[in-house]
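Reading the structure
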Amino acid sequence: MHPDGPDPKVIASAAALLQGGGLVAFPTETVYGLGADALDPDAVRRLFAAKGRPADNPLIVHVATRRQVDQVARDIPALAQALMDRFWPGPLALVLPRRPGVPDETTAGLETVAVRMPDHTVARALIEATGRPVAAPSANRSGSPSPTTALHVLADLEGRIDAVVDAGPCRVGVESTVVLVVGNQATVLRLGAVTEAMLRNVVPSVTVAASAHGAAASADETVRSPGLKHRHYAPKAPVRLFEGPERVAALSAAREEGVARGERVGMVVTEESGLHGPDVVPIASRKDPEAYARALYGTLRHLDGLGVDRILVEGIATDGIGAAVMDRLRRAAAQEKTTG
Ligand code: TXA
Ligand code: MG
């Protein structure tokens, strides 16, 4: 369906599946999510099984109205309200104190719950028709790049879910910014399209957890943001990321080495790199980090589909959404889980 014109019949049948405890993938402005009734522990257990997701990684609960926030969260700090007023609907998830009615399955047993109102007409129509808050992790098999089209969802989850609502490609392309709010302190746990600078306009004291820049999470941070300890965003082929002023030369040299070893080498480069050839994807201009973000996961999936042995990636500046892009690329390039 058109992203701005939800088909009421399709929405009604997708909502009925969710009401019955089913699993329905749907588009948001960031990536496709895999939805389940957030208040139904059996449905959420099926969701974890379909994704192959570790049970200790909590879900983001998606809402269509401010009233639904109060169904899952309590004692909402004034600061969180200010962030909702400024950025919702939009790519910002807020970690808030949870209500007892939210099952442990949804929050992985934490006393907090992540909540977000997506800026996508189809997503909100589906949540509203369901009449329940909808838990929705990215609709990929755990560890893979998030899906930005319905075809990506089917490639990972066909046969494991009940339906996917197709409304074309996602506008943003990387997952939402996750912010923990405690009293008058806000901490960014995951970078996204709502940037640190945008948050600072509302909350001058906002801080960014070191782990949100793709660094290894400390034990303390792992407790606050359990998703960080798991390997993420990675295609099947190993990824090597090139940063810094000599990155194009280093990337070209690494390609030569790979080819000399008899490997098929895929490359993701900026238009300004001047690199061309088979298995080379000029993803976007260095001046357009939004376009880079939008195309990133689809490009990694495309190169996997070609069967390359290795993927070399030219990084971009950490301006704007570039910070989120580089975080995802550093994680994709990490060969092993950072902990456990
Ligand atoms: O853009 C998005 O957020 C997408 C779309 C579908 O909305 N969803 C998404 O969900 O990316 P997921 O499950 O792939 O990532 C959720 C992240 C994980 O890193 C998880 O650990 C963190 O949010 N999270 C969820 N609840 C949390 C909580 N109570 N405390 C700390 N981190 C939490
Ligand atoms: Mg995910």
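This report concerns the structure included in the present document. Owing to the predicted nature of the structure, the values given are computational and were not obtained by experimental measurement.

**Section: the site of ligand 1**
- For ligand 1, the set of nearby residues contains 28 residues, the closest of which are Thr30, Arg53, Asn57, His62 and Ser176.
- Here an oxygen atom of ligand 1 sits 2.7 Å away from a polar atom, N or O, in the side chain of Thr30.
- With respect to ligand 1, the side chain of Asn57 contributes an N or O atom lying 2.7 Å from an oxygen atom.
- Isolated, ligand 1 exposes 680 Å² of accessible area, and the fraction of that covered by the protein chains is 97%.
- Listed by contribution, the elements that provide at least two residues to the shell around ligand 1 are strand 3 (60-62), strand 5 (112-116) and strand 9 (185-190).
- No other element matches strand 5, which puts four residues into the shell around ligand 1.
- A breakdown of the residues in the shell around ligand 1 according to their chemical character gives 13 nonpolar, 10 polar and five charged.

**Topic: the sheet that holds strand 14 (residues 310-314)**
- Sheet architecture is open: four strands sit in the order 11-14-12-13, paired in parallel fashion. Looking along the sheet, the strands with just one partner apiece sit at the ends: strand 11 (239-242) and strand 13 (280-284). Direction aside, the axes of adjacent strands within the sheet are offset by 20° on average.
- With four bridges connecting them, strand 12 (residues 265-270) and strand 13 associate as parallel partners. Bridging across to strand 13, Thr270 finds its partner in Ala284.
- Its contacts with the sheet put helix 10 (residues 247-260) on strand 11, strand 12, strand 13 and strand 14, and the angle it makes with strand 14 is roughly 170°.
- In the packing of helix 11 (residues 289-306) onto the sheet, contacts are made with strand 12, strand 13 and strand 14, and the angle to strand 13 comes to roughly 160°.

**Considerations on the side chain of Ser138**
- Within the element layout of this structure, Ser138 appears in the loop between strand 6 (134-135) and helix 7 (150-157).
- The exposure class of Ser138 is buried, given its relative accessible area of 18%.
- Within the structure, the side chain of Ser138 is placed 2.6 Å from the side chain of Asn140, a separation counted as a polar contact.
- If near-sequence neighbours (up to four positions away) are discounted, Ser138 is found in contact with Val31, Tyr32, Gly33, Leu34, Lys51, Ser146 and Pro147.

**Section: the nonpolar core**
- The biggest cluster of nonpolar side chains holds 78 residues, and the ones touching the most others in it are Leu94 and Tyr292.
- Once residues within four sequence positions are removed from consideration, Tyr292 is found in contact with Val268, Thr270, Ile283, Ala284, Val313, Glu314, Gly315, Ile316, Val325 and Leu329.
- Ile11, Ala15, Leu126 and Val134 belong to the second largest nonpolar core, which has 15 residues in total.

**Quick notes on helix 6 (residues 121-130)**
- Within the sequence span of helix 6, burial applies to Val122, Ala123, Leu126, Ile127 and Thr130. The buried residues of helix 6 all sit within an arc of 130° when viewed along its axis, so they share a single face.
- Packing partners of the buried residues in helix 6 comprise helix 1 (8-19), strand 1 (24-26), strand 3, helix 3 (66-72) and strand 6.
- Two residues or fewer after helix 6 comes Gly131, characterised by a positive phi angle close to 75°.

**Considering helix 4 (residues 78-87)**
- Listed in full, the buried residues belonging to helix 4 are Leu79, Ala80, Leu83, Met84 and Phe87. Looking straight down helix 4, one finds its buried side chains confined to an arc of 140°; they lie on one side. Looking at helix 4, the residues exposed on the side facing more than 90 degrees away from the buried face are Ala78, Asp85 and Arg86.
- Buried positions along helix 4 lie against helix 3, strand 4 (92-97), strand 8 (177-182), strand 9 and helix 8 (196-202).

Rules used throughout
Residues numbered from 1 in each chain as written. Chains lettered and ligands numbered in written order. Predicted model: local features only at pLDDT ≥ 70, side-chain atom pairs only at ≥ 80, totals over all residues. Heavy atoms only, no water. Near = heavy atom within 4 Å. Polar contact = N/O pair within 3.5 Å; in protein donor to acceptor, adjacent residues only side chain to side chain. Areas by Shrake-Rupley, 256 points an atom, 1.4 Å probe, with all protein chains shown as cover. Helix = DSSP H or I, 4+ residues; strand = E, 2+ residues; numbered from the N terminus. Nonpolar A, V, L, I, M, F, W, Y, C, P; charged D, E, K, R; others polar. Pairing = 2+ DSSP bridges. Axes fitted to C-alpha atoms, helices over the stretch in contact; angles between N-to-C directions. Contact = heavy atoms within 4.5 Å. Buried < 20%, exposed > 50% of the residue type's maximum accessible area, 1.4 Å probe, protein only. Core = buried A, V, L, I, M, F, W, Y, C linked by side-chain atoms within 4.5 Å. Arc of directions from axis to C-beta.

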